[in-house]
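Each chain, written out:
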Amino acid sequence: MTGHEDDRERTFAALPPARGRGFAQTWWGRAWLRALEDAALDTKQVKTGRALARAGAVGAVSVRPGRITAVVQDRDRTTHRADVLLAELPAEQWDRLLDMAVERAGHVAALLDREMPPHLVEDAASDGIELLPGLGDLEPECDCGAWDHCGHTAALCYQVARLLDQDPFVLLLMRGRGEHAFLEDIQARGAAPAEQAPGPEGVDAAEAYAASDILPPLPAPPALPEEPGLPPSLDTEAPPGPGVDPVAVRHLAARTAVEAHRLLAVALRRRSCEPPPPVPELTTAQDAVRLAVAAPDQALTERLAGGSGRDPRSLAGATRAWELGGADALSALEERWEPSGGALARAHAALDSAWDEDERPTLTADGNRWTAVGAAAQLRLGREGRWWPYRKEQDRWTLAGPAALDPATALASAELTSAERQR
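Residues numbered from 1 in each chain as written. Predicted model: local features only at pLDDT ≥ 70, side-chain atom pairs only at ≥ 80, totals over all residues. Heavy atoms only, no water.

1. Considering helix 10 (residues 246-269)
- Taking 1.5 Å of rise per residue, the 24 residues of helix 10 would be expected to cover 34 Å, and the 35 Å separating its terminal C-alpha atoms lies within 8% of that figure.
- Residues of helix 10 that are buried: Ala248, His251, Arg255, Ala257, His261 and Ala265.
- At its buried positions, helix 10 is contacted by helix 11 (284-292) and helix 12 (298-308).
- N-capping of helix 10 is provided by Asp245, with a side-chain oxygen placed 3.1 Å from the backbone N of Val247. (Helix = DSSP H or I, 4+ residues; strand = E, 2+ residues; numbered from the N terminus. Expected span 1.5 Å × (residues − 1). Buried < 20%, exposed > 50% of the residue type's maximum accessible area, 1.4 Å probe, protein only. Contact = heavy atoms within 4.5 Å. Polar contact = N/O pair within 3.5 Å; in protein donor to acceptor, adjacent residues only side chain to side chain.)

2. Quick look at a negative patch on the surface
- Taken together, the side chains of Asp356, Glu357, Asp358 and Glu359 make up a negatively charged region of the molecular surface.
- Here Glu359 lies in the loop between helix 14 (341-354) and strand 6 (363-366).
- The class of Glu359 is exposed, set by a relative accessible area of 52%. (Patch = residues over 30% accessible without salt bridge, like charges linked within 9 Å, V, L, I, M, F, W, Y side chains within 5 Å. Areas by Shrake-Rupley, 256 points an atom, 1.4 Å probe, with all protein chains shown as cover. Salt bridge = Lys/Arg side-chain N within 4 Å of Asp/Glu carboxyl O. Lys, Arg positive; Asp, Glu negative; His and termini not counted. Charge placed at Lys NZ, Arg CZ, Asp CG, Glu CD.)

3. Quick notes on the packing of aromatic side chains
- Per the stated rule, a full pass over the model turns up 5 aromatic pairs.
- Seen in terms of ring centroids, Trp27 and Trp28 are 5.8 Å apart; in terms of plane orientation they differ by 90°. Their pairing is edge-to-face.
- Look at Trp370 and Trp387: their rings are 5.2 Å apart centre to centre, the planes differ by 65°, and that puts the pair in the edge-to-face class. Of this pair, Trp370 sits in strand 7 (residues 369-372) while Trp387 is found in strand 9 (residues 387-393), placing the two residues 17 residues apart along the sequence. Each of the two residues, Trp370 as well as Trp387, counts as buried.
- Among the aromatic residues, those joined into a ring-pair cluster are Trp94, Phe169 and Phe182.
- The side chain of Arg177 reaches across the aromatic face of Trp94, ending 4.7 Å from its centre. (Phe/Tyr/Trp six-rings, centres within 6.5 Å; stacked < 30°, edge-to-face > 60°. Lys NZ or Arg CZ within 6 Å of the ring centre and 35° of its normal.)

4. A short note on the packing of helix 11 against helix 13 (residues 312-334)
- Two elements in contact, helix 11 and helix 13, have axes separated by 9 Å at closest approach and are oriented at 115°. Classed by the angle they form, the pair helix 11 and helix 13 counts as roughly perpendicular. Read as a crossing pair, helix 11 and helix 13 show a hand that is left-handed. In contact with Gln286, Val289, Arg290 and Ala292 of helix 11, helix 13 contributes Leu315, Ala318, Thr319, Trp322, Leu330 and Ser331. (Axes fitted to C-alpha atoms, helices over the stretch in contact; angles between N-to-C directions. Parallel < 35°, antiparallel > 145°, perpendicular 65-115°, else oblique. Left-handed = near helix turned anticlockwise from the far one by under 90°.)

5. Concerning the pairing of strand 6
- Summarising the sheet, strand 6 and strand 7 pair through 4 bridges and their orientation is antiparallel. Bridging across to strand 7, Ala365 finds its partner in Trp370.
- The loop that links strand 6 with its antiparallel partner strand 7 comprises 2 residues; one of these, Gly367, has a positive phi angle of about 65°. (Pairing = 2+ DSSP bridges.)

6. Quick notes on the sheet that holds strand 2 (residues 61-64)
- Taken in spatial order, the 5 strands of this open sheet run 1-2-3-4-5, and their pairing is antiparallel. Each having just a single partner strand, strand 1 (10-12) and strand 5 (139-142) make up the two edges of the open sheet. Here the strands of the sheet are splayed against their neighbours by 20° on average, with no regard to which way each runs.
- Of the pairings in the sheet, the one linking strand 1 to strand 2 comprises 3 bridges and is antiparallel in character. Directly across from Phe12, in strand 2, lies its bridge partner Val61.
- Contacting strand 1, strand 2, strand 3 (67-73), strand 4 (79-85) and strand 5, helix 6 (residues 151-166) runs over the sheet at an angle of about 65° to strand 4.

7. Some details on the sheet that holds strand 10 (residues 396-399)
- Pairing is antiparallel across the open sheet formed by 5 strands, whose spatial order is 6-7-8-9-10. At either end of the open sheet lies a strand with only one pairing partner, and these are strand 6 and strand 10. In this sheet, adjacent strand axes meet at a mean angle of 30° when their direction is disregarded.
- As paired elements, strand 8 (residues 377-381) and strand 9 share 5 bridges and run antiparallel to each other. By the bridge assignment, Gln378 is partnered in strand 9 with Tyr390.
- Helix 14 contacts strand 6, strand 7, strand 8 and strand 9 of the sheet and is inclined by roughly 25° relative to strand 7.

8. Digging into the confidence of the model for the chain
- The predicted model of the chain has a mean per-residue pLDDT of 84, with 87% of residues at 70 or higher.
- Under a pLDDT of 50 for its full length, residues 191-197 has, in the predicted model, 8 contacts with residues more than four places off or in other chains. (pLDDT = per-residue confidence, 0-100.)

Here is the structure:
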């Protein structure tokens, strides 16, 4: 350990009160507290220690091999020196542990990221090397005279759990090896230097499985924000680069936020056991319509119209369809196709049952488009099986509202909208 005497003791400043939060957020921090809570004979003292730690009554914590120390202020403002002892690992166990660590670069990378690799801990335990404390391993000493864990030593343990969350090397130091010495020993055994240690991509499946019984449960899914987020402002004093349109970039970021909000809403609505719905790949023309929604200026709208092969007026109708039903509504607007005989029969039956015979509207069919005779209303069957209501405005058919599975409902919606516009 020559050259690392200063690595053999670390002192951590007193932490602020822990109100409104748990003491251990990591699985190894929880394991540390479990060693205290399961072994303490007096649960009242453990609760007292938790309350003292939560109130910020634990002073600076000194950590060195085999021992942690702090001064704890009691409720009556008297102070006590509290120590908790944890046995150091013998040299031969350290050798075996270091050999295990160099077997996977991910172990070293995880430690450098202040994460404790579960697989390393499990392999060490199976070889008789207990990194984490077990039942009865945390031995208390306090000048208050208690022979078991008192409120002061319990408070120290709760505070150390917070330190362990931040840095698992604290645990290695208690077991007898400082951070610098540990990393030098790793490198001496052939591991890559710390600054070159490659980080693993994702989470190793074996390590995740090994930690399944000690990892905390996954948090609840986040609540859907009421509105899409706002992209950061691009207002800077620097002029834009060649070919960069700041207005277009801002709009692209805003539409991306809207799409992300929509995808999140879909993901939160489905049950965990359901496979995610397929995300259709948009054509260039479809994507231009998506981007044209709420376009901030006429110049950008004209660029998108030209890029999608539409004139500005047809692009306006397409963006309205997109706002009401996305790609499905856009397809119903622009595609003509022949429905199957079964789909037509079901539609006729639904329309026949919706009105008395003398009140039933007359419809002329042209593929998937059915137009009401004598009324500015039309139905269009989408390939997804829903009927889209249309009304005639000047010389164009315009989508009048959202789709319905029942053609009679969709037709009533189109006729109502058309009548309202004629008032």
